[in-house]
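# Structural overview
Chain residues, written in single-letter form:
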Amino acid sequence: MKIDVLTIFPEMFNPVTTDSMLGRAVRNGILDIRLTNIRDYTSDKHNKTDDYTFGGGGGMVMMPDPIFTALRHIGAEGKKVLYMSPRGKILDEQKVRELAGLDEFVILCGHYEGVDQRVLDYWNAEEVSIGDYVLTGGELPAMVLIDSVARFVPGVLGNKDSVTDESVYSGLLEYPHYTQPREYEGLQVPDVLLSGNHKKIDLWRFRESLIITKERRPDLFRKFIGDRGNLSKDEKKILDELLNQE
């Protein structure tokens, strides 16, 4: 998968694209993440990319010409162009899976008060948000998007089941995890996890996921209990017991 990122701060991406899971995927040729500095495409001798907004008001707006030139330089015509914006649709599993199915796409990172609207109109850019809050620029949201999409690209994760088993994607928040040592500061690992009985372990994890989801994300819990068709008999029994406690 090829991902082009247009930004005025390309150095922000270096730790993310060279280390850990993403860095390994880049080195193995699974991901091709290309960073383009929009400042390199401005005609201003000071590499200026922004100006005052027409109509007045506070803040600066990124000018269209450097962005248009950069997009044309990378060959963005006909490609999916995403613009990280707090007014966009919230990034969710459906959008992540959709993007993971593409061979390539482009991410535009805005700054200041955003980019000239003509950029978005001409390039048919889709605005995407990672939450109902405002950040100083689109770089951090772009990193979140890249990381979430990359997990669905075959070969990026060592275990292909890791994606669908994760919190939210499975329909429930994730159960607690434990590792060595068995006892720490007087706190013990639950006995069931040491039993070797994988059926009991799976049911314990299911119950813990139910409890956590019910407490922290009642919206997800209500959605989950609306469809019991895929649950086993033992899982349905655990769910019923939890519901009867209300």
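The preceding data block contains the structure.
We now turn to the structure provided with this report. (Residues numbered from 1 in each chain as written. Predicted model: local features only at pLDDT ≥ 70, side-chain atom pairs only at ≥ 80, totals over all residues. Heavy atoms only, no water.)

### Some words on the sheet that holds strand β2 (residues 32–37)
Going by this rule: We treat two strands as partners when DSSP finds at least two bridges between them. Secondary structure elements follow DSSP: runs of H or I of four or more residues count as helices, runs of E of two or more count as strands, with numbering from the N terminus. Every angle, taken between N-to-C directions, lies between 0 and 180 degrees, and every axis is a line fitted to C-alpha atoms, over only the stretch in contact when it is a helix. Contacts are assigned to residue pairs with any non-hydrogen atoms lying within 4.5 Å of each other.
Read across the open sheet, the 5 strands follow the order β2-β1-β6-β5-β7; overall the sheet is parallel. Single-partner strands in this sheet number two, and they are β2 and β7 (126–129). Strand after strand, the sheet turns through a mean of 35 degrees between neighbouring axes, direction not considered. Sheet analysis places strand β5 (residues 81–90) next to strand β6 (residues 104–109), joined by 4 bridges and oriented parallel. Each bridged residue has a counterpart across the sheet, and for M84 the counterpart in β6 is C109. Sheet strands in contact with helix α6 (residues 139–150) are β1 (2–7), β2, β5, β6 and β7, and its direction is about 160 degrees off that of β6.

### A look at unusual backbone geometry
Across the junction of Q180 and P181, the peptide omega takes the value 0 degrees, indicating a cis bond. Structurally, P181 is set in the loop between α7 (162–165) and β8 (183–184).

### Some thoughts on the nonpolar core
The test is simple: The criterion is simple. A nonpolar core is a set of buried Ala, Val, Leu, Ile, Met, Phe, Trp, Tyr and Cys residues joined through side-chain atoms within 4.5 Å. Here the term buried applies to any residue with accessible area under 20% of the maximum for its type, exposed to any over 50%, and partly exposed to those in between, with areas from a 1.4 Å probe on protein chains only.
The biggest cluster of nonpolar side chains holds 30 residues, and the ones touching the most others in it are L31, F105, I107, L145, I146, V149 and V156. It is α6 that provides the largest number of residues to this core, a total of 6 residues. If sequence neighbours within four positions are ignored, L31 has contacts with M1, L22, A25, V26, A150, V153 and V156. L6, I38, L71 and V106 belong to the second largest nonpolar core, which has 20 residues in total.

### Remarks on helix α9 (residues 218–225)
Applicable threshold: Directions are taken from the helix axis to each C-beta atom, and the arc is the one they span.
Among the residues making up α9, those that are buried are L220, F221 and F224. Along the long axis of α9, the arc covered by the buried residues comes to 100 degrees, so they all point the same way. The exposed set on the far side of α9, more than 90 degrees from its buried face, consists of R222 and K223. On its buried side, α9 packs onto α8 (198–216) and α10 (233–244).

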